[in-house]
Amino acid sequence: MIKRQESSSAAPSSIPPPSVAPDAGLDRNGKDKKYQRHGTALEFLRRWIARRGQLAVLVVVAALLSVFLIPPLKVLWNGGASGRIIKAARRLQVPPCPRAPWKEGEDLRGKCPGDLKPFGEAATISQCASTCCANEECISWQFREDVGCLQGKDIRLGMEKDGPSAWCSEHPPQRWHGQYLQHHGKAKEEGAEAEERRQKACSEATWNPDEEVGQCFGLGDVKKDASGSAVECMRACCTNEKCKAWQWNEKLGCFYGGGMHGCQGEGDPIAFAPFVGRRKRLESRKYTDKHNRPWQMAL
């Protein structure tokens, strides 16, 4: 009897594939579970802000600054625009005077040598203007923080020639160069002493162009032919036998004459900040220059 020989090549058994541990951060579709843990992107954003709160605040602040702060800074940085803004702000500080309107288009920003007197009952620009408006005898007023309120009657301004003798400069206080050619105190110099002083003041080796750095008054109109420099102004004065004092400013030019007065620094502090001021328009005035032409200051 022949036995059936078993085949030595048995059928291969099925071997299961090695198991792979699933990624805990992925779902069955392979998507990141952290975006689905609580359902919506809004809640994810809330959690992000909670973890990074300081960064979020900085981002919001930067956005607000870019919208509200940077454009005004750009305007202020522009020279012409900043000048107009500052002038407009100063005008807004002055209340109107309905009963006797202020003369339009001017600001009494320069010095008035002794013609306006201190008014102690006003501590601000608004109070100074309002009290002058209410007082029929007050025509002109000025205010500056270090000086306070000044009030008085009508004045001439700048190049105006009609009106009272009282006068105010249309220019804000500025630094000057200037000197007396003779002693200007009560004690007068005569003879050799006076001549020696004049010679020293007229020599570039011994002159003192910073003797009067505050603006003085009484020197008349600008001498355009001697306005190139302080030296030029001094020489022009020294060649004129009647000239006893001179002043020069780079922007305003040369002034000289038989004497000057009201020099800034004689009794009041040398300050170069502009005043704020107005004057009431008077029907009796024409506000004209020496050629009888209307004169208006340039703001």
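Use the structure listed above.
This one's a predicted model, so the numbers in the text were calculated from it and none came from an experiment. (Residues numbered from 1 in each chain as written. Predicted model: local features only at pLDDT ≥ 70, side-chain atom pairs only at ≥ 80, totals over all residues. Heavy atoms only, no water.)

Visitor: I'd love a proper account of unusual backbone geometry, names of residues and values included.
Guide: Look at tyrosine 287: it is not a glycine, yet its phi comes out positive at around 55 degrees. Summarising the element assignment, tyrosine 287 is placed in the segment after β9 (276-279). A positive phi is found at asparagine 292, a non-glycine position, where the angle reads about 65 degrees. Here asparagine 292 shows up in the segment after β9. (Helix = DSSP H or I, 4+ residues; strand = E, 2+ residues; numbered from the N terminus.)

Visitor: Lay out the layout of surface pockets with the relevant residues and their values.
Guide: For the largest pocket, the calculated volume is near 660 Å³. For the largest pocket, the lining is made up of 26 residues, of which Gly158, Trp167, Gly220, Asp221 and Phe255 are closest to its centre. (1 Å grid on protein atoms, 1.4 Å probe; cavity = no way out; pocket = protein on both sides within 12 Å on 5 of 7 lines; lining within 4 Å. Points joined across faces, edges and corners; volume = space filled by probe spheres on them.)

Visitor: Tell me about the sheet that holds strand β7 (residues 245-249), residues and numbers included.
Guide: In spatial order, the strands read β6-β7-β8; together these three strands make up an open sheet with antiparallel pairing. With one partner strand each, in any of the chains shown, β6 (177-180) and β8 (253-257) form the two edges of the open sheet. Averaged over all pairs of adjacent strands, the angle between their axes in this sheet comes to 5 degrees, without regard to strand direction. Sheet topology note: the β7/β8 ladder contains five bridges and is antiparallel. Considered in β8, the bridge of alanine 245 is made with glycine 257. Helix α7 (residues 230-238) rests against β6, β7 and β8 of the sheet, and its axis sits at about 160 degrees to β7. (Pairing = 2+ DSSP bridges. Axes fitted to C-alpha atoms, helices over the stretch in contact; angles between N-to-C directions. Contact = heavy atoms within 4.5 Å.)

Visitor: Give me the lowdown on the sheet that holds strand β3 (residues 148-152), citing residues and values where you can.
Guide: In spatial order, the strands read β1-β3-β2-β9; together these four strands make up an open sheet with antiparallel pairing. Each end of this open sheet is capped by a strand with a single partner; those strands are β1 (117-118) and β9. Two strands pair when backbone bridges link them, and strand β2 (residues 140-144) and β3 are joined in this way by five bridges, in the antiparallel orientation. Looking at β3, one finds that arginine 144 is bridged to glycine 148. Against the sheet, helix α5 (residues 125-134) contacts β2, β3 and β9, and its axis sits at roughly 170 degrees relative to β2.

Visitor: Lay out the pairing of β9 in plain terms, naming residues and giving numbers.
Guide: Neither face of β9 is left uncovered, since the one carrying Val276 and Arg278 and the one carrying Gly277 and Arg279 both have all their residues buried. Alignment of β2 against β9, held across four bridges, turns out to be antiparallel. Each bridged residue has a counterpart across the sheet, and for serine 140 the counterpart in β9 is arginine 279. (Buried < 20%, exposed > 50% of the residue type's maximum accessible area, 1.4 Å probe, protein only.)

Visitor: Residue-level account of the pattern of salt bridges, with values.
Guide: Inspection of the entire model under this criterion finds 15 salt bridges. With a shortest N-O distance of 3.7 Å, arginine 99 and glutamate 136 are connected by a salt bridge. With arginine 99 in the loop between α4 (79-92) and β1 and glutamate 136 in the loop between α5 and β2, this pair connects stretches of sequence that are 37 residues apart. With respect to class, arginine 99 is no different from glutamate 136; both count as exposed. As a salt-bridge pair, aspartate 154 and arginine 285 come within 2.8 Å of each other at their nearest N and O atoms. (Salt bridge = Lys/Arg side-chain N within 4 Å of Asp/Glu carboxyl O.)

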